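One-letter residues, chain by chain:
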Amino acid sequence: MDSVSQLVLGASVSMAAMGRKAPLWQAALVGAVCGTLPDMDVFVDHGDAIRNMTLHRTESHSLFWLTLVSPILAWLMAGVFGQRQQWVRWWVAVWLALITHPLLDLMTVYGTQLGLPFTDFPYAISSIYIVDPLYTLPLLICLVAALCLRGKRGLWWNTLGLTLSTLYLGWSMLAQSYATHQIKAEIARQHLAAEQLLVTPTAFNTLVWRVLVMTPEGYAEGFWSLLSPQRPLQLSHHPRGAELYQRYKGDWYVERVAWFSHGFFAMREQRGHLLITDLRMGEDPRYTFTFDLGKPVQQQQDVAATRQEMPRAPLASSFNLLWRRL
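Residues numbered from 1 in each chain as written. Predicted model: local features only at pLDDT ≥ 70, side-chain atom pairs only at ≥ 80, totals over all residues. Heavy atoms only, no water.

An unreviewed UniProt entry lists the protein chain under the name Metal-dependent hydrolase, from Winslowiella arboricola.

This is the structure in structure tokens:
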């Protein structure tokens, strides 16, 4: 999720864990810091764009490593506020603020390797968009109210925010499950040879869902709305560059993207350069992660992959598009 959501979630769970054992602002401050810490790995340069993408959300998001480091951080935090006698309570608060970060990231489509060091599988539920105001705003509003009101009333508001945001996550999974069921039935009616299916929400909502179908010939993309469940699913078909994948199968960069994207990728040649795209994030033709692997003749050489920057669509046009799809 976005940094604001992680910061607010960390502050809220830390405040709930500490209760009235510490001033609410202290608990919120510690939680906000701990809730932000795992994403500091974005400042580590691993040498090329594909490594940077696939090594984000790794050790710093591991439930095992975060659990190991939590008592040390709690000891330091308790010392800063002169509350060493409350160290165990601070430990619970810090641990919750740390581990809820990867658990919230798990809900997005990106992929979080929270099982390290036992498995590097990039887990993803894909039921919520990376930025969703309906998740973040109730949490933020209730946190501000809690800090302003303080005491028992403040804790009540904080609990309300956590309850509403958690219920929204539950709703997102129910909506995704229902959308997937309906979409599978529609795909069967269209007699589409679907090898893989991804159903993930579009920007800022859980009402319009993006459909990505991988087929032997290519991939198909469409959109399905909870407000128009009977509307026929219209899919646009695109080549996936299967022949290019067969040609460059075994190349580390190609295999890394294929693994990380769970097979939802496409390849193409453009102006003599080999490009590979993670199809899960963005939509045609604006994908978040498209990488330039250089000229095909360079594939046997040590060529660092670079990321193609795609201009963002204006916010107004994104909301207009959302409205039409609804």
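Caption draft 1: Representation of helix α6 (residues 133–149). Helix length check: α6, at 17 residues, gives a terminal C-alpha distance of 23 Å against a target of 24 Å (1.5 Å per residue), a fit within 8%. Regarding α6, the residues found buried are Y135, T136, L139, C142, L143, A145 and A146. Elements that come into contact with the buried residues of α6 comprise α1 (3–18), α2 (24–36), α5 (87–105) and α7 (151–189). The backbone nitrogen of L134 has a side-chain oxygen 3.0 Å away, supplied by the residue at the start of α6, namely D132. Of the residues one or two after α6, R150 is the one with positive phi, at around 60 degrees. (Helix = DSSP H or I, 4+ residues; strand = E, 2+ residues; numbered from the N terminus. Expected span 1.5 Å × (residues − 1). Buried < 20%, exposed > 50% of the residue type's maximum accessible area, 1.4 Å probe, protein only. Contact = heavy atoms within 4.5 Å. Polar contact = N/O pair within 3.5 Å; in protein donor to acceptor, adjacent residues only side chain to side chain.)

Caption draft 2: Just the packing of aromatic side chains, in detail. Within this structure, the stated rule accounts for 16 aromatic pairs. Here Y129 and F204 contribute two aromatic rings whose centre-to-centre distance is 6.0 Å and whose plane-to-plane angle is 75 degrees, an arrangement assigned as edge-to-face. One end of the pair, Y129, is in the loop between α5 and α6; the other, F204, is in the loop between β1 (196–201) and β2 (208–214), with 75 residues separating them in the sequence. Look at F289 and F291: their rings are 6.2 Å apart centre to centre, the planes differ by 20 degrees, and that puts the pair in the stacked class. Taking the relative accessible area as the measure of exposure, F289 reaches 11% and is therefore buried. Assessed through its relative accessible area of 0%, F291 is described here as buried. One Lys or Arg, R84, reaches over the ring of W75 and ends 4.0 Å from the middle of that ring. Directly above the aromatic system of F265 lies the positively charged group of R240, at a separation of 5.9 Å from the ring centroid. (Phe/Tyr/Trp six-rings, centres within 6.5 Å; stacked < 30°, edge-to-face > 60°. Lys NZ or Arg CZ within 6 Å of the ring centre and 35° of its normal.)

Caption draft 3: Broad picture of the environment of P133. Topologically, P133 is positioned in helix α6. Sequence spacing of P133 and Y219 is 86 residues, and the spatial spacing of their C-alpha atoms is 30 Å.

Caption draft 4: Spotlight on the packing of α1 against α6. At a minimum axis separation of 10 Å, α1 and α6 run at an interaxial angle of 45 degrees. Judged by the angle between their axes, α1 and α6 are oblique. Taken as a pair, α1 and α6 cross one another with a handedness that is left-handed. Taken together, the residues of α6 that come into contact with α1 (itself represented by V4, S5, V8, L9, A11, S12 and M15) are Y135, T136, L139, L140, L143, A146 and L147. Residue composition of the contact of α1 with α6, by class: 11 nonpolar, 3 polar and no charged. (Axes fitted to C-alpha atoms, helices over the stretch in contact; angles between N-to-C directions. Parallel < 35°, antiparallel > 145°, perpendicular 65-115°, else oblique. Left-handed = near helix turned anticlockwise from the far one by under 90°. Nonpolar A, V, L, I, M, F, W, Y, C, P; charged D, E, K, R; others polar.)

Caption draft 5: Structural view of the pattern of salt bridges. Using the criterion set out here, one finds 7 salt bridges in the structure. Between R51 and D48 there is a salt bridge, and its shortest N-O distance comes to 2.4 Å. Relative accessible area serves as the criterion here: at 6%, D48 is assigned to the buried category. The residue E221 makes a salt bridge to R210 at a minimum N-O spacing of 2.7 Å. Highlighted residues: E221 in strand β3 (residues 218–225) and R210 in strand β2, separated in sequence by 11 residues. What makes E221 buried here is its relative accessible area of 5%. (Salt bridge = Lys/Arg side-chain N within 4 Å of Asp/Glu carboxyl O.)

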